[in-house]
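# Topology and contacts: notes
Here's the letter readout for the chains.
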Amino acid sequence: MADGTTGRAIAVIGAGQMGNGIAHVFAQSGFDVAMLDVSDAALQRGLQTIEKNLDRQVKKGALDAAAKDATLGRLTTHTDLAAVNGAELVVEAATENVDLKFKLFGDLDRLAGPDAILASNTSSIAITEIAARTKRPEQVIGMHFMNPVPVMQLVEVIRGLATSDATTAKVMELARTLGKTPVEVNDFPGFVANRILMPMINEAVYCVMEGVGTPEAIDTVMKLGMNHPMGPLTLADFIGLDTCVAILEVMHQGLGDPKYRPCPLLKKYVAAGWLGRKSGRGFYSYAS
């Protein structure tokens, strides 16, 4: 745990895959964390995931039982957005939907303290546009964690057009306090991680659609030939195929280049409800 963080308050909007991971790492690092979602059921699922991941850390010897209990003790759950009041940093990790994020940031601007930094974990939506929905654009920034958050080291820190040096410096330091490595990038569609990753995933889907190879063959080529820890189609299933489509569409619209057009097969799978691991089927079957 980092020194000097106890009593500092963070709010995380969203208790899903990314939100509960972000809440986990802040609470483990000594911050008091308010985790918010629209329903108690979603919050309970998020808490269960955090507890399961903490148990995994204890089993590996990375954490002792007392630290696990202390981490859980720093977490509170809320369905009322007003719970962000008092947080020095609010991290939004809601669904990758432009209209939802715009509305959320308007509400957060009204409800959070005047000195609070408002951060988005968006993987592709323009921070400049999100910030324009607030009266504090200099205090709005992108804080893009990688999945799974407790394990992955990178945080992309994205400056919008109006983001101040002071806001950027504080968020970079907060990321380091979590034991992460922050990398500052500028506000263009997809930022760096997804600007490079999503065209690779999309091209892998085209290879499936055109019969170049099976998903297994394509993933094996990338794992053994390029030394990737998992193949692009396995990774797409892990991310969620709907999320992949959403990111590609943001890049296609924002950059206007046809190379970012989502593969028709990817869109067809999403239309069928084949979203990857979370739905039990994507390029692979995850039926238990």
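Anything mentioned here points back to the structure above.
To keep things clear, this report deals only with the structure shown in the data block. Here the structure is a predicted model, which is why all the values come from computation and not from measurement.

Quick notes on the rules
Within any chain, residue numbers begin from 1 and follow the written order of that chain's sequence. Local features in a predicted model are, by the rule used here, given only for residues with pLDDT of at least 70; side-chain atom pairs are given and counted only at 80 or more, and totals for whole chains, interfaces and linings are based on all residues. The basis for the side-chain values is all heavy atoms of the structure; hydrogens and waters are excluded. Helix and strand assignments follow DSSP, with helices taken as H or I runs no shorter than four residues and strands as E runs no shorter than two, numbered in order from the N terminus. In this treatment the radius of gyration is a C-alpha quantity, and the globule benchmark scales as 2.2 Å times the residue count to the 0.38 power. Only protein chains enter the calculation, and the probe is 1.4 Å; a residue is then buried if its accessible area is under 20% of its type maximum, exposed if over 50%, and partly exposed in between. Contacts between residues were defined by any pair of non-hydrogen atoms, one from each residue, lying within 4.5 Å. Accessibility throughout is a Shrake-Rupley quantity obtained with a 1.4 Å probe, and a residue counts as covered only by protein chains that appear here. Neither His nor the chain termini are counted; the positive set is Lys and Arg, and the negative set is Asp and Glu. The atom standing in for a charge is NZ when the residue is Lys, CZ when it is Arg, CG when it is Asp and CD when it is Glu. Fitted lines through C-alpha atoms give the axes, limited to the stretch in contact for helices. The angle between two N-to-C directions lies from 0 to 180 degrees. By the definition adopted for this analysis, an angle is roughly parallel if under 35 degrees, roughly antiparallel if over 145, roughly perpendicular if from 65 to 115, and oblique otherwise. Polar here means any residue other than Ala, Val, Leu, Ile, Met, Phe, Trp, Tyr, Cys and Pro, which are nonpolar, and Asp, Glu, Lys and Arg, which are charged; Gly is therefore polar. For Phe, Tyr and Trp, rings pair up if their centres lie within 6.5 Å, where Trp contributes its six-membered ring, and each pair is then called stacked (planes under 30 degrees apart), edge-to-face (over 60) or tilted (otherwise). Note on criteria: charge over ring means Lys NZ or Arg CZ within 6 Å of the ring centre, with the direction from the centre no more than 35 degrees off the ring normal. By definition here, a helix of n residues has an expected span of 1.5 Å times n minus one. Working definition: the arc comes from the directions between the helix axis and the C-beta atoms, pointing outward to the latter. Helix crossings get a hand from a simple test, with the near helix turned counterclockwise from the far one by less than a right angle marking a left-handed crossing and a clockwise turn marking a right-handed one. Among the buried residues, those of types Ala, Val, Leu, Ile, Met, Phe, Trp, Tyr and Cys that are joined through side-chain atoms within 4.5 Å form a nonpolar core.

Attention shifts here to the overall build of the protein chain. Within the protein chain, the regular secondary structure consists of 11 helices and eight strands. Since a compact globule built from 288 residues should have a radius of gyration of about 19 Å, the 19 Å found for the protein chain is in line with a globular shape. Projecting the C-alpha coordinates of the protein chain onto the three principal axes gives extents of approximately 55 × 45 × 35 Å. The buried share of the protein chain, reckoned over its 288 residues, is 49%. Within the protein chain, contacts between residues separated by at least 24 positions form 66% of all contacts whose residues are at least 6 apart in sequence. With an accessible surface of roughly 13400 Å², the protein chain has 54% of that area assigned to carbon and sulfur atoms. A gap of 4 Å separates the mean positions of the 27 positive and 31 negative side-chain charges of the protein chain.

Our focus in this paragraph is the packing of helix α7 (residues 193-209) against helix α11 (residues 264-271). One way to put it is that α7 packs onto α11 with a least axis distance of 8 Å and a crossing angle of 90 degrees. Taken together, the axes of α7 and α11 are roughly perpendicular relative to one another. Contacts between α7 and α11 involve Asn202, Val205, Tyr206, Val208 and Met209 from the first element and Pro264, Leu265 and Leu266 from the second. Of the residues that constitute the contact of α7 with α11, the class distribution is seven nonpolar, one polar and no charged.

Inspection of the entire model under this criterion finds three aromatic pairs. Ring geometry for phenylalanine 26 and phenylalanine 31: centres 5.3 Å apart, planes at 85 degrees, overall edge-to-face. Judged by its relative accessible area of 0%, phenylalanine 31 falls in the buried class. Measuring from centroid to centroid gives 5.0 Å for tyrosine 269 and tryptophan 274, while their planes differ by 65 degrees, and the two rings are edge-to-face. Take tryptophan 274: its relative accessible area is 27%, and that puts it in the partly exposed class. Site record: aromatic cluster; members linked through ring pairs are Tyr269, Trp274 and Phe283. When the ring centre of phenylalanine 102 is taken as origin, the NZ or CZ atom of arginine 133, which lies over that ring, is 3.8 Å away. Taking the ring centre of tryptophan 274 as reference, the NZ or CZ of arginine 281 above it sits at 3.7 Å.

So, about helix α2 (residues 40-60). Compared with an ideal rise of 1.5 Å per residue, which puts 21 residues at 30 Å, α2 spans 30 Å between its outermost C-alpha atoms and is within 8% of the ideal. Within the sequence span of α2, burial applies to Ala42, Leu43, Gly46, Ile50, Asn53, Leu54 and Gln57. Down the axis of α2, the smallest arc covering the buried residues is 110 degrees, so these residues share one side. α2 presents Asp40, Arg45, Gln48, Lys52 and Lys59 as exposed residues on the side facing more than 90 degrees away from its buried surface. Its buried side turned inward, α2 meets α1 (17-28), β2 (32-36), α3 (65-73) and β3 (75-78). One or two steps after α2, the chain reaches glycine 61, where phi turns positive at roughly 85 degrees.

Moving on, we come to the packing of helix α10 (residues 241-255) against α11. Contact geometry of α10 with α11 gives a least axis separation of 9 Å together with a crossing angle of 135 degrees. Between α10 and α11, the crossing angle belongs to the class labelled oblique. Where α10 crosses over α11, the handedness of that crossing is left-handed. Together, Leu241, Asp242, Cys244, Val245, Leu248 and Glu249 of α10 and Leu266, Lys267, Tyr269 and Val270 of α11 make up the contact between the two elements.

The next thing to look at is the nonpolar core. Counting residues in each nonpolar core, the largest one holds 33 residues, and the members touching the most others are Ile22, Phe26, Val33, Leu89, Met143 and Phe145. With six residues, α1 is the single largest residue contributor to this core. Once residues lying within four places of it in the same chain are set aside, the contact partners of leucine 89 are Ala9, Ile10, Ala11, Phe26, Ile117, Ala119, Met143 and Leu174. Listed in part, the 24 residues of the second largest apolar core include Ala11, Ala87, Val90 and Ala116.

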